[in-house]
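# Structural overview
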Amino acid sequence: MKVLVVGTGGREHALAWALAQDPEVEQVVAAPGNPGIAALRPAYDGQSVGCRSVDVTDHDAVVALARELDVDLVVVGPEAPLVAGLADPLRDAGFAVFGPSREAAQIEGSKAFAKDVMAAAGVPTGRAYVCVTPEEAATAIDAFGPPYVVKDDGLAAGKGVVVTSDREEALAHAAECDQVLIEEFLDGPEVSLFAITDGTTVLPMQPAQDFKRLGDNDEGPNTGGMGAYTPLPWAPDDLVADITEKVLQPTIDELRHRGTPFSGLLYAGLALTSRGVRVIEFNCRFGDPETQALLPMLKTPLGGLLYAAATGKLADHGDLSWRNASSVAVVVAAKKYPASPRKGDAITGVEQAESDAVHVFHAGTALDDEELVTAGGRVLAVSAVGKDLAEARQRAYAAVGQIRIKGSQHRTDIALKAERGEITV
C-alpha cells in the first residue's frame, strides 16, 4: 500500500511514523510534511518515507500529487482542509480517503451544526445559546452565570474556547467572534475518545486525556494542547462501551440519515459530569496531542485499519489491539506561546532524547540550512511508553530534559494526578 498523508504537524508525524511500521505499507509520503517526517526516511528497511511540497488549500494540486504518486490511500490530517472539502475532489478522482466530506466535517467546522446533530440524535451535551450580537451574548452569559463558557462557532485551531469566571473576559471573547456558543459549564474530568468509522461501523480507540491550559494546575491561557496520556486508570470499565452507545454510534447514524455520512476519525471531547457523560465538542480528525500518545500504544496495523474505514469495510476488520502499557506525551512549546510564539530558535537534543520507548514528534519545526529551528507555537511532542504511568512520565520528562530550545515552555504535571490516583468519577 502507498499512502499520502496531508499535513505538517505532530499529528501527521505520528501518523506517518505509525503507517511506516505497518508491513503492508510500502510507501508513506507526507505533504507538505515536516523535518521529523523527513528524518524517518532511512529508518525503515524496504520502505520509503518522505515529504513533498504542496499547497493543501489547492485541491487540484493535492489531487495531482496523489495521481503522480499513484497512492492507494490518502489520509487528511488537519481540520482546516477537511472543513474546506479536500476529501471530496480526492474521492471524486477515485482515491480511498480517510477523512470526512465537507458537509460531514461541519461537525467540527460549526459548533452550532454539531449541537443540532446531537439534539436530533439524542446525544447528551450541555445546554447552549447561539449568539450573533453582543447583546445576545451578554443575555446568555448572565443566564448561565459563572464559570462562563464561550466558544467561537468556527475553527480556531483548538484555541477558540474561553472558560472564565470573569464576565468582561467572556464578553470580550464573544465580541471577537462572528458567531458564538454560550454554554453551561460542565463539571467532572474530561476525556478524549476517538472513533474510526466508515459511516456505519464505529471502532472506538482507547480513551485519553489532554491538557488544554498552558500552565501547571490548569492555569494560564487555553492552547491547542500541552500534553496527553493514555489509558485512563481511573476510568470506569464500561466507559468506552457507554460512550460508543450513547454518543458515537448515534452521531454517526444521524449524519448518515441526513445524507452526509461521516467517514474518518470522529473525536469526542467529553466531560464525565455528576449527571453522566456529556459531549463538550466533536472534532473531525485525530486530535493533537492525543494522537502522539495513542499511536505508540496501538498494536493493530494502522494502514489496514484506515484503508478499511476509507473503503467502507470496517465491519470486517475486527476490534483494535492495544499494548498493555501506558503512554505520556509532553508538548514543548516555543517562547511566548500561545500569544506570539517566537520562531527561528535552535533546537538541540532531539536525537539524544529518542529511544525505543521515547519518540519525539515534530509539530512546529523547520530546517534553516542544516539546523533544526522552531517554526510554530507547539514545537515538539515527546511521547514515552512505560509499564505504567509512573514509568511513562519518568521517561517522557527525562527526554524533555535533554531537549534545548531557548525560552521553551512545558507543563510538568501531565498525567500526575492520574499517577497519584487523585482523579475520581
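Residues numbered from 1 in each chain as written. Predicted model: local features only at pLDDT ≥ 70, side-chain atom pairs only at ≥ 80, totals over all residues. Heavy atoms only, no water.

Assigned secondary structure in the protein consists of 15 helices and 24 strands. Relative to the 2.2 N^0.38 estimate, which gives 22 Å for 425 residues, the radius of gyration of the protein is 20 Å and therefore close to what a compact globule would have. Counting only C-alpha atoms, the protein reaches 60 × 45 × 40 Å along its principal axes. In the protein, the share of contacts with a sequence separation of at least 24, taken over all contacts with a separation of at least 6, comes to 68%. (Helix = DSSP H or I, 4+ residues; strand = E, 2+ residues; numbered from the N terminus. Rg over C-alpha atoms; globule rule 2.2 N^0.38 Å. Contact = heavy atoms within 4.5 Å.)

A few words now on the pairing of strand β10 (residues 190-197). Taking burial as the measure, the 8 residues of β10 include 7 buried ones, the bulk of the element. The sheet contact formed by β10 and strand β16 (residues 264-273) spans 8 bridges and is antiparallel. Its bridge partner lying in β16, F194 is registered against Y267. Sheet topology places β10 next to strand β11 (residues 202-204); 3 bridges connect them, and they run antiparallel. Looking at β11, one finds that I196 is bridged to L203. In textbook terms, the turn of a hairpin is the stretch between consecutive antiparallel strands, and for β10 and β11 this stretch comprises 4 residues, one of which, G199, has a positive phi near 105°. (Buried < 20%, exposed > 50% of the residue type's maximum accessible area, 1.4 Å probe, protein only. Pairing = 2+ DSSP bridges.)

With that out of the way, let us pick up helix α8 (residues 134-144). Within the span of α8, buried status applies to A137, A138, A140, I141 and F144. Looking straight down α8, one finds that the buried residues subtend no more than 165° of arc, so they occupy a single side. Looking at α8, the residues exposed on the side facing more than 90 degrees away from the buried face are E135, T139 and A143. Of the surrounding secondary structure, the elements contacted by the buried residues of α8 are β6 (128-131), β7 (148-152), α9 (167-175) and β9 (180-183). G145 sits one or two residues past α8 and shows a positive phi near 80°. (Arc of directions from axis to C-beta.)

With respect to the helices, strands and loops of the structure, S321 is situated in the loop between α12 (302-310) and β18 (326-333). When residues no more than four places from it in sequence are discounted, the contact partners of S321 are M297, L298, K299 and T300.

What follows concerns the nonpolar core. Considering soluble globular proteins, one finds that nonpolar side chains tend to be buried as a cluster. The biggest cluster of nonpolar side chains holds 77 residues, and the ones touching the most others in it are L4, L90, Y229 and V247. Contact partners of V247, with chain neighbours within four places excluded, come to V123, P124, A268, L270, V277, V279 and F282. Membership of the second largest hydrophobic core comes to 50 residues, among which are A96, A208, Y267 and V331. (Core = buried A, V, L, I, M, F, W, Y, C linked by side-chain atoms within 4.5 Å.)

If you trace the 4 strands from one edge of the open sheet to the other, you get β11-β10-β16-β17, paired in antiparallel fashion. Lying at the two open borders of the sheet, with one neighbouring strand each, are β11 and β17 (276-283). Pairwise comparison of adjacent strand axes, ignoring direction, gives a mean angle of 35° for this sheet. (Axes fitted to C-alpha atoms, helices over the stretch in contact; angles between N-to-C directions.)

With that settled, the discussion passes to the packing of aromatic side chains. Scanning the entire structure with this criterion turns up 6 aromatic pairs. Residues W17 and F361 carry aromatic rings whose centres are separated by 5.6 Å and whose planes lie at 75° to one another, so their mutual orientation is edge-to-face. Highlighted residues: W17 in helix α1 (residues 10-20) and F361 in strand β20 (residues 358-362), separated in sequence by 344 residues. A relative accessible area of 9% places W17 in the buried class. Through a chain of ring-to-ring contacts, three or more aromatic side chains come together here, namely F98, F194, Y267 and F286. (Phe/Tyr/Trp six-rings, centres within 6.5 Å; stacked < 30°, edge-to-face > 60°.)

Further remarks concern the pattern of salt bridges. Tallying each qualifying case throughout the model produces 23 salt bridges. With a shortest N-O distance of 3.0 Å, R52 and E68 are connected by a salt bridge. Within this pair, whereas R52 is found in the loop between β3 (48-51) and α3 (59-69), its partner E68 is found in helix α3, the two being separated by 16 residues in sequence. Judged by its relative accessible area of 53%, E68 falls in the exposed class. In this structure, E183 and K151 form a salt bridge, with 3.2 Å as the shortest nitrogen-oxygen distance. Taken as a pair, E183 in strand β9 and K151 in strand β7 lie far apart in primary sequence, 32 residues in all. One network of salt bridges, with partners in common, ties together R11, E12, E79, E108 and R285. (Salt bridge = Lys/Arg side-chain N within 4 Å of Asp/Glu carboxyl O.)

Here we take up the side chain of K111. Among the structural elements, K111 can be located in helix α7 (residues 111-121). No salt bridge forms around the buried K111; measuring N to O, its nearest opposite-charge neighbour E281 is 4.9 Å away. Only 3.2 Å separates the side chain of K111 from the backbone oxygen of D152, close enough to count as a polar contact. With residues up to four places along the chain from it excluded, the contact list for K111 reads K151, D152, D153, G154, L181 and E281. (Lys, Arg positive; Asp, Glu negative; His and termini not counted. Polar contact = N/O pair within 3.5 Å; in protein donor to acceptor, adjacent residues only side chain to side chain.)

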